[in-house]
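Results of the structural survey
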Amino acid sequence: MARKPVALPAGIEIRGDAIRIRFSWNRKRCSETLSYPATQAGINAASRLRDQVIQLIKLGLMTEQKYAELFPNSPNAIASVSRGFGQYAQVWLDSRTLAEGSRDNYKSALNVWWMPYLATTPLANLTPALMRELLVQMPWTSNAVKANAMTKISTILDGAVADRLIAVNPMLELEKPGRETKKIDPFSQAEADKIIAAFYAADHWPSRIYGAFFEFAYYTGMRLGEIAALRWEEVDMQKRVALVCRVVAKKKIVERTKTKKDRYVLLNDRAIHALEYAKAYIERRLRGDGRLEAFPYCFPPSKGQVYVHQTSDLHHQWRPTLKALGIRYRPPYNARHTYATMCLMAGMAPAFIAKQLGNSVQILLSRYARWIDGEGDWAEMSKLKLAPNLPQD
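Definitions and cut-offs
Residues numbered from 1 in each chain as written. Predicted model: local features only at pLDDT ≥ 70, side-chain atom pairs only at ≥ 80, totals over all residues. Heavy atoms only, no water. Helix = DSSP H or I, 4+ residues; strand = E, 2+ residues; numbered from the N terminus. Rg over C-alpha atoms; globule rule 2.2 N^0.38 Å. Buried < 20%, exposed > 50% of the residue type's maximum accessible area, 1.4 Å probe, protein only. Areas by Shrake-Rupley, 256 points an atom, 1.4 Å probe, with all protein chains shown as cover. Lys, Arg positive; Asp, Glu negative; His and termini not counted. Charge placed at Lys NZ, Arg CZ, Asp CG, Glu CD. Pairing = 2+ DSSP bridges. Arc of directions from axis to C-beta. Contact = heavy atoms within 4.5 Å. Axes fitted to C-alpha atoms, helices over the stretch in contact; angles between N-to-C directions. Parallel < 35°, antiparallel > 145°, perpendicular 65-115°, else oblique. Nonpolar A, V, L, I, M, F, W, Y, C, P; charged D, E, K, R; others polar. 1 Å grid on protein atoms, 1.4 Å probe; cavity = no way out; pocket = protein on both sides within 12 Å on 5 of 7 lines; lining within 4 Å. Points joined across faces, edges and corners; volume = space filled by probe spheres on them. Domains from an automatic or database assignment. Phe/Tyr/Trp six-rings, centres within 6.5 Å; stacked < 30°, edge-to-face > 60°.

In the annotation of an unreviewed UniProt entry, the entry for the chain reads Integrase, and the organism field reads Phytopseudomonas argentinensis.

**Some words on the overall build of the chain**
Of the regular secondary structure elements, the chain holds 16 helices and eight strands. Relative to the 2.2 N^0.38 estimate, which gives 21 Å for 393 residues, the radius of gyration of the chain is 32 Å and therefore markedly larger than a compact globule would have. Projecting the C-alpha coordinates of the chain onto the three principal axes gives extents of approximately 110 × 80 × 35 Å. Looking at the 393 residues of the chain, the share that counts as buried comes to 41%. Element-wise, carbon and sulfur atoms account for 53% of the exposed surface of the chain, whose accessible area totals about 23000 Å². Looking at the chain, you have 56 positive and 37 negative side-chain charges, and the mean spots of the two groups are 7 Å apart.

**Things to note about the sheet that holds strand β5 (residues 241-244)**
Here three strands make up an open sheet; going across it, the order is β4-β5-β8 and the pairing antiparallel. Among the strands making up the open sheet, the edge pair consists of β4 (235-236) and β8 (263-266).

**Re helix α6 (residues 128-137)**
Looking at α6, one finds that the buried residues are Met-131, Leu-134 and Leu-135. Buried residues along α6 cover an arc of 100° about the axis, so they all sit on one side. Turned more than 90 degrees from where α6 packs its buried face, Ala-129 and Val-136 sit exposed. On its buried face, α6 is in contact with α5 (100-118) and α7 (143-162).

**Here's the deal with the packing of helix α9 (residues 209-220) against helix α13 (residues 334-345)**
Interhelical geometry of α9 versus α13 gives an angle of 40° and a closest axis separation of 6 Å. Our classification of the angle between α9 and α13 gives oblique. Mapping the contact onto sequence places Ala-217, Tyr-218, Tyr-219 and Thr-220 in α9 and Ala-335, Thr-338, Tyr-339 and Met-342 in α13. Broken down by class, the residue content of the contact of α9 with α13 amounts to six nonpolar, two polar and no charged.

**Digging into the sheet that holds strand β1 (residues 12-15)**
Taken together, three strands build an open sheet; the order of strands is β1-β2-β3 and the sheet is antiparallel. The open sheet has two edge strands, β1 and β3 (28-34), and neither has a second partner. Neighbour-to-neighbour, the strand axes of the sheet open up by a mean angle of 30°, direction not taken into account. As judged from the seven bridges shared by strand β2 (residues 18-25) and β3, these two strands associate in the antiparallel manner. Note on β3: the bridge partner recorded for Phe-23 is Cys-30. Seen against the sheet, helix α1 (residues 40-58) touches β1, β2 and β3 and runs at an angle of roughly 15° to β2.

**Comments concerning the pairing of β5**
Alignment of β4 against β5, held across two bridges, turns out to be antiparallel. Each residue of the ladder has a partner; that of Val-235, found in β5, is Ala-242. Here β4 hands over to β5 after four residues, with Arg-240 in that stretch at a positive phi of 55°. Across four bridges, the pairing between β5 and β8 is antiparallel. Directly across from Val-244, in β8, lies its bridge partner Arg-263.

**A look at the layout of surface pockets**
The space that makes up the largest pocket amounts to roughly 1900 Å³. Together, 49 residues line the largest pocket, and Arg-179, Lys-182, Lys-258, Tyr-333 and Arg-367 are the ones closest to its centre. For the lining of the largest pocket, the elements supplying multiple residues, two or more each, are α5, α7, α10 (224-228), β6 (247-249), α15 (361-367) and α16 (369-381). With six residues, α7 is the largest single contributor of residues to the lining of the largest pocket.

**Observations regarding the domain arrangement of the chain**
The domain boundaries assigned to the chain delineate domain 1 (12-81), domain 2 (85-163) and domain 3 (196-332). On a C-alpha basis, the centres of domain 1 and domain 3 stand 60 Å from each other.

**Examining the environment of Ala-124**
You can see Ala-124 is positioned in the loop between α5 and α6. Residue class for Ala-124 comes out exposed when judged on its relative accessible area of 62%. Put simply, Ala-124 and Ser-207 are 83 residues apart on the chain and 59 Å apart in space, counted from C-alpha to C-alpha.

**Regarding the packing of aromatic side chains**
One pass over the structure, following the stated rule, counts 20 aromatic pairs. An angle of 55° between the planes, with centres 5.2 Å apart, marks the rings of Tyr-67 and Phe-71 as tilted. Overall, Phe-71 belongs to the buried group, its relative accessible area being 4%. Chaining the aromatic ring pairs together yields one cluster made of Phe-187, Phe-199, Tyr-210, Phe-213, Phe-214, Phe-216, Tyr-218, Phe-299 and Trp-318.

Here is the structure:
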């Protein structure tokens, strides 16, 4: 039996099994297909929605955001939302698969620096002149913060260009501040060994695991988050090698490294000693009355945890130990610099050291040039053995 024709209110039409409403907004004819069934009840609901839309338009209350709320699946809504920088930045961020730390970095840069100025600004209004003026006005806390914020918004605006919402990225011609060279301030090997020995001699025996942790740090050069996430299954004591494939970030184990590349680290005698101590330490904890029954990670902290949840926790042990030893304070991360400089001063090949650290040779050479050149420079100077032929009085 054929479907009985139904009366259609103004602005309502049926296309197949779907209902479409039509109206004009911002001098443009709009047509939106709804998910309502093509029945009288569906038609009545569509008519009520259209009446609401017409009323909002008459009162001047139909905004781009409201349009997106009423028609979330509409291409018109996506385009409408995308025209404002704030809305587009959110859409861009939601569409990307990013590590949690990277996502937080984007959110921080956007919320602190760009949203207070640009949240409601149409993308088409973002000109190089406007962006340059903002860069001058903003109270930047450092060149590094400024460079990071510029990089983040430029990446998002590259997306707007790719989405054909703007023709050119307005940040392209704006100069970013140069990267500030971080001061490399390693410990001497004597200082490193004093710190390690002090941790091993702690009165509170569970805290002695930090002796093994920092011995491993000083003599492998691994990042602290990589050491905290190292599991026994990645360690081969016979082959004297460890696979670095995960890291602790924001109190969670993340199955990737900082560079997103796994690497093998060769273990010297001091690194092996640290692991052997950690094994004995875990066996002692298993014999105790603690609630933990398994220790998959190599360096479980002294509290009831199987891994160090954040590298900042190490500072509670680190600061008082250095103070008691009278050693000038440097962050625990400098253990990595210490390993690198010890290797260089021992004459190891830069390519091998870079591979151990998980850096490029270029970064190694630029970061530690002082230690690479130091010994060789004086060796060259020693070739000048003749004193100048000065005139005699």
